[in-house]
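Here is what each chain is made of, one letter per residue.
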Amino acid sequence: MTPSKRSDIPPFYALDVFKEALAAEAAGRDVIHMEVGEPAFGAPASARRRIAEALAGDSTLGYTSGLGLPALREAIAGLYQRRHGLVIDPGRIIVTTGSSAGFQLAFLSLFDAGQRVAIADPSYPAYRNILSVLGLRLVRIEAELESRYQPTPALLAEAGPLEGLLIASPANPAGTVLDRAALGALVEHCAGAGVTIIADEIYHGLTYGPAAPSVLEFTDEAVVINSFSKYFTMTGWRIGWMVVPERMVRPMERLAQNLYISANHASQIGGIGALEPEGEAEAASHMQEYATNRQALMAALPALGFSDIAPCDGGFYVYAGLGGLSADSRVFCAGLLRHEGVATTPGLDFDPVRGTGTLRLSFAQSPERIAEGIRRIRAYVEAGCPV
Ligand SMILES: Cc1ncc(COP(=O)(O)O)c(C=O)c1O
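All values derive from a computational prediction rather than experimental measurement.

Visitor: Explain the overall build of the chain to me, and be specific about the residues and the numbers.
Guide: Along the backbone of the chain there are 13 helices and twelve strands. The C-alpha atoms of the chain give a radius of gyration of 21 Å, which matches the 21 Å a tight globule of 387 residues would have. The buried share of the chain, taken over its 387 residues, is 56%. Of the roughly 15500 Å² of accessible surface on the chain, 54% is carried by carbon and sulfur atoms. The average position of the 31 basic charges and that of the 41 acidic charges among the side chains of the chain differ by 3 Å.

Visitor: Got a sec to walk through the site of the ligand? Specific residues and values, please.
Guide: Around the ligand, 14 residues are found, and the nearest of them are Ser100, Asp200, Tyr203, Ser229 and Lys230. Contacts to the ligand include Ser229, whose side-chain N or O atom sits 2.6 Å from an oxygen atom. At a separation of 2.7 Å, an oxygen atom of the ligand approaches a polar side-chain atom of Lys230. For the ligand, whose accessible area on its own is 400 Å², the fraction buried by protein is 93%. Partitioned by chemical class, the residues of the shell around the ligand number five nonpolar, six polar and three charged.

Visitor: I'd like a description of the packing of helix H2 (residues 45-57) against helix H10 (residues 277-285), backed by residues and values.
Guide: The N-to-C vectors of H2 and H10 enclose an angle of 140°; their axes lie 7 Å apart at closest approach. Relative to H10, H2 is oriented oblique. Of the residues in H10, those touching H2 at Ala45, Ser46 and Arg49 are Glu278, Gly279 and Glu282.

Visitor: Could you give an account of helix H1 (residues 13-26), naming the residues involved and the relevant values?
Guide: Taking 1.5 Å as the rise per residue, H1 with 14 residues should run 20 Å; its terminal C-alpha atoms sit 20 Å apart, in good agreement. Turning to H1, its buried residues number three or more, namely Ala14, Val17, Ala21 and Ala24. In an axial view of H1, the angular spread of the buried residues amounts to 80°, which keeps them on one side of the axis. More than 90 degrees from the buried face of H1, the exposed residues found are Lys19 and Ala26. Residues of H1 that are buried make contact with strand S1 (32-33), helix H12 (329-340), strand S10 (342-343), strand S11 (345-346) and strand S12 (358-362). Positive phi appears at Gly28, one or two residues downstream of H1, with a value of about 100°.

Reading the values: rules and limits
Residues numbered from 1 in each chain as written. Predicted model: local features only at pLDDT ≥ 70, side-chain atom pairs only at ≥ 80, totals over all residues. Heavy atoms only, no water. Helix = DSSP H or I, 4+ residues; strand = E, 2+ residues; numbered from the N terminus. Rg over C-alpha atoms; globule rule 2.2 N^0.38 Å. Buried < 20%, exposed > 50% of the residue type's maximum accessible area, 1.4 Å probe, protein only. Areas by Shrake-Rupley, 256 points an atom, 1.4 Å probe, with all protein chains shown as cover. Lys, Arg positive; Asp, Glu negative; His and termini not counted. Charge placed at Lys NZ, Arg CZ, Asp CG, Glu CD. Near = heavy atom within 4 Å. Polar contact = N/O pair within 3.5 Å; in protein donor to acceptor, adjacent residues only side chain to side chain. Nonpolar A, V, L, I, M, F, W, Y, C, P; charged D, E, K, R; others polar. Axes fitted to C-alpha atoms, helices over the stretch in contact; angles between N-to-C directions. Parallel < 35°, antiparallel > 145°, perpendicular 65-115°, else oblique. Contact = heavy atoms within 4.5 Å. Expected span 1.5 Å × (residues − 1). Arc of directions from axis to C-beta.

Distances and angles like these do not, on their own, reveal function.
So, in structure tokens, the structure goes:
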């Protein structure tokens, strides 16, 4: 038996670092986890309560419709009304096994093998790896800090013919938000050029200035992907959703039925609980801690020698250049974990070309742990970044 050529994709370095960090912890070390994008806070109490009640009443929890529980789809439509003032037909909402399944459904239903989909780097690595596994052609746009690491109509025009564009706002790793003008310009360009937009809005709700507009405020001709993982701190529940044009519902349903049958029933019930007012209030309550952490990192990193720090309008990451600290982010991140017990992610996850010079720090932790992380990073830099 030999592995297929299409399974030959790069690892997710953040998860490799996570594995090493867990091994260090198992050996008795205290590790500050700034590598994975996983909030340290538990799921909302209302989500947990809903599941407990459901299990007490019906422990079968069988398959659901491939599109998801109607009550959850309605509750998600309510979120768009509250956040964006949009009336979305719940019939256009598809519940997925995390946003990760949403990408697979979107790429499979929208494109055929060989078609061209653009992504601006630095970007979340699964985008390009899923495209590659599915036989689609990645058109890599090298975005600069000047455009907030986001694509622009000018960059798209240079990229040649495209069938699709994946955008993320707030973005991972840069944290930058496409404001109304920037998003509107991209939507207009793509409409004119016949390019389908897939918008990853998983970090919506997590912004430190103006709220991130949804692409749905500009057009219904886009596929929006979102999840309970980040804002609602429900990573392991593996529950997310998509909003799609009406004519895409049936093709996606057919794919979802065959690939997954349905999303996890219990997690769907948890999702309904998370969207109750109490759940949303609990999710919102973490913003104060994230804001404190963001401010502490943005203040400390330049003085330690990090450069080209992305603005971090939203999400819970800081993406920074290593300046003169190290020529290789893998060496820097490995040394920092080994000597100081701080796990971070080398930029190569997000930018296979320029990522040797950058790293990402996740700050979805308590302010005490992030302050300790900063103290240890300072000690590592002051020791001359030993390998
Ligand atoms: C930008 C982005 N999109 C999608 C995902 C995947 O999230 P989910 O847990 O919903 O599959 C992540 C996870 O880190 C992410 O950062």
